[in-house]
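Letter by letter, the chains look like this.
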Amino acid sequence: MTARTIGGPSASAAFDERNGSQPAHWGGVFAMTLCVFALIASEFMPVSLLTPLAFDLHVTEGMAGQGIAISGACAVLTSLSISTVARKINRKTLLLSLTALMCLSGAIVGVAPNYLTYMAGRALIGIVVGGFWSMLAATAMQLVAPSKVPRALALFNGGNALATVVAAPIGSCLGSTVGWRGAFFCLVPIALIAFAWQWISLPSMPAQQRAAGSGSVFRLLGNRRVRLGMLGVGLFFMGQFALFTYLRPFLETVTRAGASSLSLILLAIGISGFVGATVIGWFLRKGVYLMLAIIPVLMAVIAVALMMGGESAAVTTVLLSAWGLLATGAPVGWWMWIAQTLPADAEAGGGLMVAVVQLCIALGSTLGGVLFDRSGYQSTFAFSAALLLLGAFMVFLTARADGGEST
């Protein structure tokens, strides 16, 4: 996630006056990349474990899916308030605290005796998501020289992409072998390793004073183009997760995929998603707005196609692979839009987008779950398609507000 830092570099990452270079802390970058991997895997692990999780906790699959909704809601609140905390606490201390909270979340979910405890554990991971993502870019700018920041951010996003590829299929596989509780427990040692690595490799990053008026996310909403763009990105993620959250019960009840087939389909989604994140840059050079409009339209078509051909395992695998290819490319495009639209306010714009995305993930998974429980998968998928089309329309309006430019 790209953003600009406000204030001077920390003492531990200050420029070397003798040679004009900034000390690089690549060990810290790699440690945070591992943390990102564990964090993303933890956030979306319930997607591949909804059925056994719901059965064990004696709730519906829709209610189990609210574990993603509550984490998204808590991420929203955290992303809007973390800058206030970051002004008072050493950034290293704050990052380590969030990593420890991730360990605690995994343990709580793994031993949860009831639905309420499960939701409490999921709320904790939401706090970590909102805090960690909001701080990543500014932290990267304190760890490496300005010219190396894109490489550091690419590594962070690499951890994100890797987790996206492996979390669902591995979660499904672990769920069928050691149970859903064991799947969550498997993430705890990874988080502990990330904690220890960050403790050793991250430099001290003292709290910094910010310029007056900086860091305000809500003032950006006075810009019509920003308002329309945030509606566009919000509708995209709401539509995506209204469907994506309930893929497992769909695959089990409609496609009738067994445990091994389920893992393979989820792996296909992940691999295609990794490919999508890799190649989207080339397409974005053809036009950011063009791609941001085309992607949700194609995903809406896929949602409708799944309603019509979801009983065929082969058709479903192809359609969901295409879904994964498209879904991972859109966030890259939206971050590029932030950089182009708000070059002087990228940090505030990034914080606002994190809040919007997490809120809409929560809303999408919540409303999708309600529809899934009451009316079946058809209503959930139709709802997803409608939201995605609305998101594409908002991209069109944003492009018009931006003077009709396509880049």
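Definitions and cut-offs
- Residues numbered from 1 in each chain as written.
- Predicted model: local features only at pLDDT ≥ 70, side-chain atom pairs only at ≥ 80, totals over all residues.
- Heavy atoms only, no water.
- Helix = DSSP H or I, 4+ residues; strand = E, 2+ residues; numbered from the N terminus.
- Buried < 20%, exposed > 50% of the residue type's maximum accessible area, 1.4 Å probe, protein only.
- Contact = heavy atoms within 4.5 Å.
- Areas by Shrake-Rupley, 256 points an atom, 1.4 Å probe, with all protein chains shown as cover.
- Core = buried A, V, L, I, M, F, W, Y, C linked by side-chain atoms within 4.5 Å.
- Phe/Tyr/Trp six-rings, centres within 6.5 Å; stacked < 30°, edge-to-face > 60°.
- Axes fitted to C-alpha atoms, helices over the stretch in contact; angles between N-to-C directions.
- Parallel < 35°, antiparallel > 145°, perpendicular 65-115°, else oblique.
- Left-handed = near helix turned anticlockwise from the far one by under 90°.
- Expected span 1.5 Å × (residues − 1).
- Polar contact = N/O pair within 3.5 Å; in protein donor to acceptor, adjacent residues only side chain to side chain.
- Patch = residues over 30% accessible without salt bridge, like charges linked within 9 Å, V, L, I, M, F, W, Y side chains within 5 Å.
- Salt bridge = Lys/Arg side-chain N within 4 Å of Asp/Glu carboxyl O.
- Bend = angle between axes of the 7 residues up to and from the residue.
- Disulfide = S-S within 2.5 Å.
- Nonpolar A, V, L, I, M, F, W, Y, C, P; charged D, E, K, R; others polar.

### Here we look at the overall build of the protein
Thinking step 1. For the protein, the helix and strand inventory stands at 16 helices and zero strands.
Thinking step 2. Here the protein holds 407 residues, and 56% of them are scored as buried.
Thinking step 3. When contacts within the protein are restricted to residue pairs at least 6 apart in sequence, those whose partners lie at least 24 apart make up 86%.
Thinking step 4. For the protein, the accessible surface area stands at approximately 15,900 Å², while carbon and sulfur atoms represent 70% of it.

### Thoughts on the nonpolar core
Thinking step 1. Within the largest apolar cluster, 117 residues are counted, with the highest numbers of intra-cluster contacts made by Phe132, Met230 and Trp323.
Thinking step 2. Apart from residues no more than four positions distant in its own chain, Trp323 is found in contact with Gly239, Gln240, Leu243, Phe244, Met299, Ile302, Ala303, Ser384 and Leu388.

### Here's the deal with unusual backbone geometry
Thinking step 1. A positive phi angle is found at His58, which is not glycine, with a value near 60°.
Thinking step 2. The topology assignment puts His58 in the loop between α2 (50–57) and α3 (61–86).

### Re the packing of aromatic side chains
Thinking step 1. Scanning all chains against the criterion turns up eleven aromatic pairs.
Thinking step 2. Centroid distance Tyr377 to Phe381: 5.6 Å. Interplanar angle 75°. Geometry classified as edge-to-face. Taken as a pair, Tyr377 and Phe381 lie in helix α16 (residues 377–401) at a separation of four residues, close to a single helical turn.
Thinking step 3. Its relative accessible area of 0% is what places Phe381 among the buried residues.
Thinking step 4. Here the aromatic cluster, defined as three or more aromatic residues joined through ring pairs, consists of Phe250, Tyr377 and Phe381.

### Observations regarding the packing of helix α9 (residues 224–244) against helix α12 (residues 288–309)
Thinking step 1. Where α9 meets α12, the axes come as close as 11 Å, and the angle between the chain directions of the two elements is 25°. In terms of axis orientation, α9 runs roughly parallel to α12. The handedness of the crossing between α9 and α12 comes out as left-handed. Contact residues: α9 offers Arg225, Phe236, Gln240 and Leu243, while α12 offers Tyr289, Ile295, Pro296, Met299, Ala303 and Leu306.

### Let's talk about α9
Thinking step 1. Spanning 21 residues, α9 covers 30 Å between terminal C-alpha atoms, matching the ideal 30 Å at 1.5 Å per step.
Thinking step 2. Most of α9 is tucked away: 17 of the 21 residues are buried.
Thinking step 3. The residue sitting at the N-terminus of α9 and contributing the capping side-chain oxygen is Asn223; that oxygen lies 2.8 Å from the backbone nitrogen of Arg225.

### Section: the environment of Leu352
Thinking step 1. With respect to the secondary-structure elements, Leu352 resides in helix α15 (residues 346–375).
Thinking step 2. Spatially, the C-alpha atoms of Leu352 and Met230 are 8.4 Å apart, while their sequence positions differ by 122 residues.

### A closer look at a nonpolar patch on the surface
Thinking step 1. A cluster of nonpolar side chains, Leu264, Leu267, Ile271, Val275, Val279, Trp282, Phe283 and Leu325, forms an exposed patch at the surface whose accessible area comes to about 680 Å².
Thinking step 2. In this structure, Leu264 sits in helix α11 (residues 259–284).

### So, the environment of Val29
Thinking step 1. In this structure, Val29 sits in helix α1 (residues 26–44).
Thinking step 2. Here the alpha-carbon distance between Val29 and Gln198, two residues 169 residues apart in the chain, equals 8.7 Å.
Thinking step 3. When sequence neighbours within four positions are dropped, the list of residues in contact with Val29 reads Leu143, Val144, Ala152, Leu155 and Phe156.

### Some points on α3
Thinking step 1. Its 26 residues give α3 an end-to-end C-alpha distance of 37 Å, which sits within 8% of 38 Å, the value for a rise of 1.5 Å per residue.
Thinking step 2. At Leu80, α3 shows its maximal bend, which comes to roughly 40°.

### Thoughts on the state of the cysteines
Thinking step 1. Tallying each qualifying case throughout the model produces zero disulfides.
Thinking step 2. Free of any disulfide, Cys35 has its nearest cysteine sulfur in Cys103, 8.1 Å distant.

### Quick word on the side chain of Ser272
Thinking step 1. Relative to the assigned elements, Ser272 resides in helix α11.
Thinking step 2. Looking at Ser272, the relative accessible area reads 11%, which means it is buried.
Thinking step 3. At 2.9 Å, the side chain of Ser272 forms a polar contact with the backbone oxygen of Ile269.
Thinking step 4. Among residues more than four places away in sequence, those in contact with Ser272 are Leu320, Ser321, Gly324 and Leu325.

### Let's talk about the packing of α9 against α16
Thinking step 1. It is the contact of α9 with α16, at a shortest axis distance of 8 Å, that shows an interaxial angle of 160°. Comparing their axes, α16 and α9 come out roughly antiparallel. In the crossing of α9 with α16, the sense of the turn from one axis to the other is left-handed.
Thinking step 2. Of the residues in the contact of α9 with α16, the class split is 15 nonpolar, eight polar and two charged.

By themselves, these observations are geometric and do not establish any function.
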